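If you want the building blocks of each chain, they are given just below.
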Amino acid sequence: MKDIKASVPAKVILFGEHAVVYNESAIAIPVSDVRASAMIDFDNSLSEPLIAVDNWKLRYSFADKDIPQKFQHIVKAINLVRETLNSDFQRSNWRLRISSQIPIARGMGSSAAISVLLFRVLFRLAGKELTQKKLIELSYEMEKFHHGTPSGIDNAVIALEAPIIFQKSKGFKLINTKKFHFVIADTGVGKKTASVVADVAKRYQKNKRSYTEIFKAIGSVTSQGLDALRLGNKPKLGQLMNLNQSLLDELGVSSPELDRLIEIALSKKAPGAKLCGAGKGGCILALANDHDHANELCRTLLKAGAVHGFVTTLK
Ligand code: PMV
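Quick summary incoming for the structure in this document. Counting restarts for each chain: residues are numbered from 1 in the order of the written sequence. Per-residue local features of the predicted model are confined to residues with pLDDT of at least 70, and side-chain atom pairs are confined, for both listing and counting, to 80 or more; whole-chain, interface and lining totals are unaffected and use all residues. Just so you know, side-chain values use all the structure's heavy atoms and leave hydrogens and water out.

**Quick notes on the environment of arginine 260**
Among the structural elements, arginine 260 can be located in helix α8 (residues 256-267). Between buried and exposed lies partly exposed: a residue is buried under 20% and exposed over 50% of the maximum accessible area for its type, with that area taken using a 1.4 Å probe on protein chains only. Using a relative accessible area of 44% as the deciding quantity, one classes arginine 260 as partly exposed. In sequence terms arginine 260 and leucine 301 are 41 residues apart; their C-alpha atoms lie 9.8 Å from each other. Of note is the side chain of arginine 260, whose polar atom sits 2.8 Å from the backbone oxygen of alanine 304. Only runs of H or I of at least four residues qualify as helices and only runs of E of at least two qualify as strands under DSSP, and these elements are numbered from the N terminus. Identification of polar contacts relies on pairs of N or O atoms within 3.5 Å, with a donor-acceptor requirement for protein atoms, meaning one able to donate a hydrogen and the other able to accept it, and with residues adjacent in sequence counted only if both atoms are side-chain atoms.

**Things to note about the sheet that holds strand β8 (residues 180-186)**
With antiparallel pairing, 4 strands are arranged side by side in an open sheet as β9-β10-β8-β11. The sheet is open, and its two edges are formed by β9 (272-276) and β11 (308-314), each paired on a single side. Across the sheet, the axes of successive neighbouring strands diverge by a mean angle of 25 degrees, strand direction being ignored. In the sheet, β8 pairs with β11 via 7 bridges, with the strands oriented antiparallel. Note on pairing: two strands pair once DSSP finds at least 2 bridges between them. Throughout, an axis means a line fitted to C-alpha atoms (over the contacting stretch in the case of helices), and angles, computed between N-to-C directions, take values from 0 to 180 degrees.

**Topic: the pattern of salt bridges**
Whenever a carboxyl oxygen of Asp or Glu lies within 4 Å of a side-chain nitrogen of Lys or Arg, that contact is scored as a salt bridge. Taken as a whole, this structure holds 12 salt bridges when the rule is applied. A salt bridge links arginine 95 to aspartate 41; the shortest N-O distance between them is 3.0 Å. With arginine 95 in strand β5 (residues 94-100) and aspartate 41 in strand β2 (residues 26-42), the pair connects residues that are 54 residues apart, well separated along the chain. Taking the relative accessible area as the measure of exposure, arginine 95 reaches 18% and is therefore buried. Judged by relative accessible area, which is 9%, aspartate 41 ranks as buried. The shortest N-O distance in the salt bridge between aspartate 186 and arginine 106 comes to 2.7 Å. Residue aspartate 186 is located in strand β8, and its partner arginine 106 is located in the loop between β5 and α2 (110-125); the two are separated by 80 residues in the primary sequence. Neither aspartate 186 nor arginine 106 differs from the other in exposure class; each is buried. Each of Asp41, Asp43, Arg95 and Arg97 takes part in one network of salt bridges that share partners.

**What to know about the pairing of β5**
Here β2 pairs with β5 via 7 bridges, running antiparallel. Counterpart to alanine 36 in the pairing with β5 is serine 100. Pairing of strand β3 (residues 50-53) with β5 involves 4 bridges; the strand directions are parallel. Within β5, the residue paired with valine 53 across the bridge is isoleucine 98.

Below is the structure:
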């Protein structure tokens, strides 16, 4: 049997994180230059499936009860596929290898990327068709497993590999954008999305009125951002990213490390910069004037201490 291969992009949230949990719209874009990939090949010397993530290897038996922590999400995905298809995989001589360039717990969708990848290759292993709708549904189940009460934006943008506007009650719509260049810089500080979302929820419970206002203001930034993306209005897009950042700061999800990288990007003439994802760590997203400027910003941010820097173009 031929090898089965799949590859998926990272993602960032351009506008609307946190507010999206409270049913405001958010815009997410794929980061096609940063990817995760998976391959299944077949080896007759294997008596049961072998799963390898980086240098970790697990010989997997469907009857296994004690699964190492590092593999639990993979086994959960395998079991979801088995339940969904109501059948076991026929073969046991397969080897699944996963590798990812996406930094973990930095707001770039690493967990959603692995889920989408797994469903793509496992359905093909089972010889079944997987629609985009089913893929988004299944990867959302995995997002709940990872993050508690996720909005569903990460798995949708990664499965579609296209910019989307997303609202919990309405789902997603693909959006047409003009070309923009961005830089992503990682503070090196890991964060847990579920706990940052839970902290915002606690503060919201104590102060519903002002938090609702902030969420609504973020929702309005997102809809103006949609126009700026469609029209190719770079100064407006930058301004809106800055406004979104100050609203995220009011929600209490920025951090000194994020603020510092944002300040550096703005001082080097980025038209806009903001944290992306849950915040309290993770990455910033800065808009650049053109591709050369994006590379220059990336070098500056890495020199200033960012632990990863990526340049990406939205076309
Ligand atoms: O940091 P990430 O990539 O997990 O994004 C979190 C975005 C939130 O809006 C804070 C939560 C969500 O589920 O949408």
